[in-house]
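These are the residues of each chain, in order.
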Protein chains: 2
Amino acid sequence: MGPLATSDFYAKLIARTPAEHDRDHLAVVMWADPGVPDRVSSIVDETDEAYPALLHGARTLRDAGATHIAMPCHTAHHYVDRLQAAVGTPFVHMIDETVAALGNAGTDVRRVGLLSTRGTLAANLYQPRLARAGLEYLVPDHRLQEMIGNAIASVKANRLARARPLVEEALVGLFDQGADVVALACTELPIALSGSPRVTDDRVVDPTDVLAAAVVRRCAGGGAMPIT
Amino acid sequence: MGPLATSDFYAKLIARTPAEHDRDHLAVVMWADPGVPDRVSSIVDETDEAYPALLHGARTLRDAGATHIAMPCHTAHHYVDRLQAAVGTPFVHMIDETVAALGNAGTDVRRVGLLSTRGTLAANLYQPRLARAGLEYLVPDHRLQEMIGNAIASVKANRLARARPLVEEALVGLFDQGADVVALACTELPIALSGSPRVTDDRVVDPTDVLAAAVVRRCAGGGAMPIT
């Protein structure tokens, strides 16, 4: 979907793999189709117009030999159950993995701030899972949500310097509202923060990295490397 | 082949693509198989043991719909003509593109230093092409070649801090021998230099980036973005 988000995921997958030689790494087949119709309008306007392109991608990966599929786009997870049923290849579910990581983050983590697209919020991808994990959630108000939309569009246009202060301000907004941690629940957002001190703030959770570590655990038959 | 080299190429491809939105980017299908047998011994020992895995990868890309294939591994270019004939999909040839860029670099560029694997040197991939472009070449002496081999292995083990001084010293060695420019003719080497002042030295040529720009010119129907 977003090419930079795909690239960021692949780099994190490599970094999370314990490896001394090429052969220690996972074999990866990647389908990066920037022409998938807009996932947000596909969900919010109920057109489902993104689904056929996602299905084609999942089938291509299966036919190329993929044993597991990771999809570093939160919004597209609206379609993950349909996709998995259609292709028969298990997905490593980014939102399940992120909520599990949040649930294990410690007893002082009760309220999770969600920075995501409107589509991810509308598709209710995080909210019921967080509730089942005993966690509350906070979403941005209208002004902060607009800011996040602008930040995501700026990353997609490779204007990271424009995106970064928007994401930093939205983080402050959610922490001020009482969030104990904030999930960067759109895979463009960790890219906006590259170079920011927030990258090492352990109250900021990066689902792209959580997904990378989960894929390594699932596929490499060993633990993922710690973040260094 | 080398996962970091593949990731580096994909990031450079995105950076070289003029884009405001996801849909402006190229659709990419990537086959990243770190289990391809060692290309250097495949050539130096004439076992050709890397070829079947390369052929499988090229076929997978073709069958997934690739219209062009880029292979960000110099040494594997030993097999590029055989691969292209077998799968029928045109390769964007990293070494042809790099030599063309060197040939257009200006009249003060006469002697090209080659930092590469022993396999790339043994396969004679650069030398005749440089001669046809009217350029001379220099290769490292035994000590510097060992150093480059260590640097490449260090990148593959994700030990970039160990690799960087080795590559910097090899660059100095080739400049001292009279090279006007040096080609980082192994795709692990630009990664070793990330963060080094040499990255912006216009006497250091990065074939990974040359390949990325060539793919954009060939596939995106427009010019590649300048380096910023």
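Coordinates for the structure precede this section.
Bear in mind that the values here come from a model prediction, so they are computed numbers and not experimental data.

Colleague: How do you make sense of the overall build of chain A when you look at a structure like this?
Modeller: The number of helices and strands found in chain A is 11 helices and 7 strands. For 228 residues, the compact-globule formula gives about 17 Å, and the C-alpha radius of gyration of chain A, at 17 Å, lands near that figure. Across its three principal directions, the C-alpha atoms of chain A cover 45 × 45 × 35 Å. Taken over 228 residues, chain A has a buried fraction of 57%. Contacts in chain A between residues far apart in sequence, at least 24 positions, make up 69% of those at least 6 positions apart. With 21 positive and 27 negative side-chain charges, chain A shows a spacing of 1 Å between the two charge centroids.

Colleague: What should I look at first to understand the relation of the copies chain B and chain A in this one?
Modeller: For these two chain copies, the linking operation is a rotation about an axis paired with a shift along it. With an axial shift of 0.0 Å and an RMSD of 0.0 Å, the rotation relating chain B to chain A amounts to 180 degrees. Those values place the two copies in the arrangement expected of a two-fold rotation axis. When each C-alpha of chain B is compared by its distance to the rotation axis, B:Met30 comes out closest, at 2.4 Å. When the interface residues of chain B are mapped onto chain A, 100% of them again lie at the interface, so the same face is used by both copies.

Colleague: So what exactly am I meant to see when it comes to the interface of chain B and chain A here?
Modeller: Interface size is often expressed as the accessible area that is lost when the parts come together. Every contact between the two is made by 30 residues of chain B and, on the other side, 30 residues of chain A. At the boundary of chain B with chain A, total buried surface from both sides reaches about 2600 Å², with 54% on carbon and sulfur atoms. Contact with chain A buries surface across chain B, with B:Tyr10, B:Asp22 and B:Pro34 losing the most and accounting together for 23% of the total. At the junction of chain B with chain A, the criterion picks out 6 salt bridges. Taking the shortest distance from any N to any O, the salt bridge between A:Arg159 and B:Glu20 comes out at 2.9 Å. At the junction of chain B and chain A, the tally comes to 7 residue pairs in polar contact (both at pLDDT 80 or more). Within the residue set of the side of chain B that touches chain A, elements represented by two or more residues are helix H1 (3-16) and strand E1 (28-32) of chain B. In terms of residue count, H1(B) provides more of the side of chain B that touches chain A than any other element does, 7 residues in total.

Colleague: What should I look at first to understand the packing of aromatic side chains in this one?
Modeller: Two descriptors summarise a pair of aromatic rings, namely the distance from one centre to the other and the angle between the planes of the rings. All names here are of chain A. This structure, assessed with the given rule, holds 2 aromatic pairs over all chains. Relative to tyrosine 79, the ring of tyrosine 51 has its centre 5.8 Å away and its plane inclined at 45 degrees; by these criteria the two rings are tilted. Of the two residues, tyrosine 51 sits in helix H3 (residues 51-63) while tyrosine 79 sits in the loop between strand E2 (69-70) and helix H4 (80-87), which places them 28 residues apart along the sequence. Pair check on accessibility: tyrosine 51 and tyrosine 79 agree, each one buried. Over the ring of phenylalanine 175 we find arginine 203, and its NZ or CZ is 4.0 Å from the ring centre.

Colleague: Please clarify how the pattern of salt bridges should be interpreted in this entry.
Modeller: Opposite charge on two side chains permits pairing when their charged atoms draw close. Evaluation of the coordinates by the stated rule reveals 34 salt bridges over all chains. B:Lys12 serves as the salt-bridge partner of B:Asp206, at 2.6 Å between the closest nitrogen and oxygen. Here B:Asp206, found in the loop between strand E7 (204-205) and helix H11 (207-219), pairs with B:Lys12, found in helix H1; they are 194 residues apart in sequence, far enough to count as distant. Its relative accessible area of 17% is what places B:Lys12 among the buried residues. In this structure, B:Arg217 and B:Glu97 form a salt bridge, with 3.3 Å as the shortest nitrogen-oxygen distance. With B:Arg217 in helix H11 and B:Glu97 in helix H5 (residues 94-103), this pair connects stretches of sequence that are 120 residues apart. On the basis of relative accessible area, B:Glu97 is assigned to the buried category, the value being 14%. The structure contains a network of salt bridges with shared partners spanning A:Asp22, B:Arg39, B:Lys156 and B:Glu188.

Colleague: Even after reading the chapter, I still don't get helix H1 (residues 3-16) of chain A, so can you show me in this structure?
Modeller: In an α-helix there are 3.6 residues to a turn, and that puts residues three or four apart on one side. Helix length check: H1(A) (14 residues) gives 20 Å between terminal C-alpha atoms against 20 Å at 1.5 Å per residue, within 8%. The element H1(A) is extensively covered by neighbouring structure, given that 11 of its 14 residues are classed as buried. Turning to H1(A), its buried residues are A:Pro3, A:Ala5, A:Thr6, A:Ser7, A:Asp8, A:Phe9, A:Tyr10, A:Lys12, A:Leu13, A:Ile14 and A:Arg16. Considering only its buried residues, H1(A) is in contact with strand E1 (28-32), E2, helix H10 (189-192) and helix H11 (207-219) of chain A together with H1 and E1 of chain B.

Colleague: Whenever I open this one, the environment of B:Glu49 confuses me. Can you help?
Modeller: Residue and element names in this part refer to chain B. Its place among the elements puts glutamate 49 in the loop between helix H2 (39-44) and helix H3 (51-63). Assessed through its relative accessible area of 40%, glutamate 49 is described here as partly exposed. Distance from glutamate 49 to arginine 39, taken between C-alpha atoms, is 8.0 Å for residues 10 residues apart in sequence. If we ignore the near neighbours within four places in the chain, the residues touching glutamate 49 are Pro37, Asp38, Ser41 and Ser42.

Colleague: Explain the side chain of A:Ser196 to me, please; I cannot follow it from the model alone.
Modeller: Residues and elements named next belong to chain A. By secondary structure assignment, the location of serine 196 is in the loop between H10 and strand E7 (204-205). Residue serine 196 is classed as buried on the basis of its relative accessible area of 5%. Within the structure, serine 196 has its side chain in polar contact with the backbone nitrogen of arginine 198 (distance 3.0 Å). Not counting the four nearest positions on each side in its chain, serine 196 is found in contact with Arg164 and Glu168.

Colleague: Can you help me understand the pairing of strand E4 (residues 111-115) of chain A in this one?
Modeller: Remember that side chains alternate between the two faces of the sheet whenever the strand is regular. Residue and element names in this part refer to chain A. Most of E4 sits inside the fold, with 4 of its 5 residues counted as buried. The sheet contact formed by E4 and strand E5 (residues 136-138) spans 3 bridges and is parallel. Across the sheet, the residue bridging to arginine 111 is glutamate 136, located in E5. Where E4 lies against strand E6 (residues 181-184), 4 bridges are found, and the strand directions are parallel. Note on E6: the bridge partner recorded for glycine 113 is valine 182.

What counts, and at which threshold
- Residues numbered from 1 in each chain as written.
- Chains lettered and ligands numbered in written order.
- Predicted model: local features only at pLDDT ≥ 70, side-chain atom pairs only at ≥ 80, totals over all residues.
- Heavy atoms only, no water.
- Helix = DSSP H or I, 4+ residues; strand = E, 2+ residues; numbered from the N terminus.
- Rg over C-alpha atoms; globule rule 2.2 N^0.38 Å.
- Buried < 20%, exposed > 50% of the residue type's maximum accessible area, 1.4 Å probe, protein only.
- Contact = heavy atoms within 4.5 Å.
- Lys, Arg positive; Asp, Glu negative; His and termini not counted.
- Charge placed at Lys NZ, Arg CZ, Asp CG, Glu CD.
- Least-squares fit on C-alpha atoms with pLDDT ≥ 70 in both.
- Buried area = accessible area lost by both parts, 1.4 Å probe.
- Salt bridge = Lys/Arg side-chain N within 4 Å of Asp/Glu carboxyl O.
- Polar contact = N/O pair within 3.5 Å; in protein donor to acceptor, adjacent residues only side chain to side chain.
- Phe/Tyr/Trp six-rings, centres within 6.5 Å; stacked < 30°, edge-to-face > 60°.
- Lys NZ or Arg CZ within 6 Å of the ring centre and 35° of its normal.
- Expected span 1.5 Å × (residues − 1).
- Pairing = 2+ DSSP bridges.

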